Amino acid sequence: MIPALTNDDVLASVDARRAIESTRAAFERHARGEWEMPAKVYLDSPPHGDFRAMPARGDGLALLKWVTSFPHNPERGLPVVAGAIVLSDATSGELLAIIDCRAVTWLRTGAAAAVSAQALAGRDAATVGIVGCGVNGAWAARCLKAAGYGPGVCADVRDEVARSLADELEWRVGDRAEAASQDVAATMTPGDRPVVFAAELRPGQHLAVLGADAHGKAEVERAAIERCRLFCDEWEQAAGGGELAGPVAAGSVGREDVTQLGDVLIGAAEGRRSAEEITLFDSTGLAIQDLAIAGAAYDAWREGGIDAQTIRL
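The rules we used
- Residues numbered from 1 in each chain as written.
- Predicted model: local features only at pLDDT ≥ 70, side-chain atom pairs only at ≥ 80, totals over all residues.
- Heavy atoms only, no water.
- Buried < 20%, exposed > 50% of the residue type's maximum accessible area, 1.4 Å probe, protein only.
- Helix = DSSP H or I, 4+ residues; strand = E, 2+ residues; numbered from the N terminus.
- Pairing = 2+ DSSP bridges.
- Disulfide = S-S within 2.5 Å.
- Polar contact = N/O pair within 3.5 Å; in protein donor to acceptor, adjacent residues only side chain to side chain.
- Contact = heavy atoms within 4.5 Å.
- 1 Å grid on protein atoms, 1.4 Å probe; cavity = no way out; pocket = protein on both sides within 12 Å on 5 of 7 lines; lining within 4 Å.
- Points joined across faces, edges and corners; volume = space filled by probe spheres on them.
- Salt bridge = Lys/Arg side-chain N within 4 Å of Asp/Glu carboxyl O.

Draft legend 1. Examining the pairing of strand β10 (residues 184-187) more closely. Residue alternation in β10 divides its side chains into two sets, Val184 and Ala186 and Ala185 and Thr187, and both sets are buried. For strand β7 (residues 128-131) and β10, the ladder comprises 4 bridges, and the chain directions are parallel. Bridging from a neighbouring strand, Val131 pairs with Thr187 of β10. Taken together, the 4 bridges between β10 and strand β11 (residues 206-209) define a ladder with parallel strand orientation. Paired with Val184 across the bridge in β11 is His206.

Right, here's the structure in full:
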């Protein structure tokens, strides 16, 4: 009998603090070579969106995430992100669980923003700006608050979405420029146009850019990238399909210009070098992060913390 963990099951078993702890551990274990993760594979479905296959292995578990990004789905009454995670025993190949990938994606995306702020933001950083307050932006806000940051400014082209998040967190609504100017600014937009501009950057800021998750997308003006010290979750993915992919393709950013966050967390690379430096973390979303969250949810089910449905294959 295989548990089939729903979106609600995952959210009931992994809160923001647990997501941050698990995601940090995933970065560290991957950086030490303990967890393995090939780069994600994209299967385009033009002009609608794309499918992504993401495998990872670590701590006796192996995972494959099959996930979509169909930006216009809300017009159809459907979510942008959908899919499933298959979790297996890495020693026997036995299937252990099938998990709805949406909540796993929300949690690890938000947690990555928080972990990057903990590692790279200035010592006195406090205020938060959220540009794009959909589900992933909302979880970035929740995780940043759980990590001790705030108060915050919520900005979205949909005023009611920004207001709902601000009311939930007891933050406030502001415009894009105000949100992008906070000590820690997290962007989660479709990536079809810049929302962070060089002229608006302040010394000492930390930017967690989460929305540009495929080639051709960008949330940050090229001139703004040139003013930042650059970090990413994983170089191969970031260079091929993240915020930095455009500058890499143009030859203005190379491997020597970008530091992986996991290397900073384990002390193998330098993080922030001064109070005035502007740091930028390009998050493309890693299967090791999914593995950490999925593993935590599976452990909760195994320990009786959630009562999930089971199926026989």
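Draft legend 2. Inspection of the state of the cysteines at higher detail. Scanning the entire structure with this criterion turns up 0 disulfides. Residue Cys143 stays outside any disulfide, its sulfur separated by 14 Å from that of Cys154, the closest cysteine. Assessed through its relative accessible area of 0%, Cys143 is described here as buried.

Draft legend 3. Structural context of the side chain of Lys65. Along the chain, Lys65 turns up in strand β4 (residues 61-69). Side-chain polar atoms of Lys65 contact the side chain of Asp290, separated by 3.0 Å. Excluding its chain neighbours within four sequence positions, the residues that come into contact with Lys65 are Arg52, Ala53, Met54, Ala84, Ile85, Cys101, Thr105, Arg108 and Asp290.

Draft legend 4. Just unusual backbone geometry, in detail. Omega for the peptide link from Pro46 to Pro47 comes to 0°, which places this bond in the cis form. Position of Pro47 relative to the elements: it lies in the loop between β2 (41-45) and β3 (49-58). The residue after Gly150, namely Pro151, is reached through a cis peptide bond having omega 5°. Note on placement: Pro151 falls in the loop between α4 (135-146) and β8 (152-155). For Glu170, which is not a glycine, the phi torsion comes out positive at approximately 60°. Mapped onto the elements of the fold, Glu170 is located in the loop between α5 (159-169) and β9 (172-173).

Draft legend 5. Up close: the layout of surface pockets. One number sums up the size of the largest pocket: a volume of about 1400 Å³. Val80, Arg158, Met188, Thr189 and Pro190 are, among the 49 residues lining the largest pocket, the residues nearest its centre. Residue assignment for the lining of the largest pocket shows that the elements contributing at least two residues are β3, β4, α3 (101-120), α4 and α5. Among the elements that make up the lining of the largest pocket, the one with the highest residue count is α3 (5 residues).

Draft legend 6. Structural view of the pattern of salt bridges. For the structure on display, the rule yields 17 salt bridges. Close ionic contact of Asp156 with Arg158 constitutes a salt bridge, the shortest N to O distance being 2.9 Å. The class of Arg158 is partly exposed, set by a relative accessible area of 38%. Between Arg229 and Glu277 there is a salt bridge whose closest N-O contact spans 3.4 Å. Of the two residues, Arg229 sits in strand β12 (residues 229-232) while Glu277 sits in the loop between α10 (261-265) and β14 (279-282), which places them 48 residues apart along the sequence. Here Arg229 matches Glu277 in class, with each residue buried. Here the salt bridges share partners, and the residues they tie into one network are Lys65, Arg108 and Asp290.

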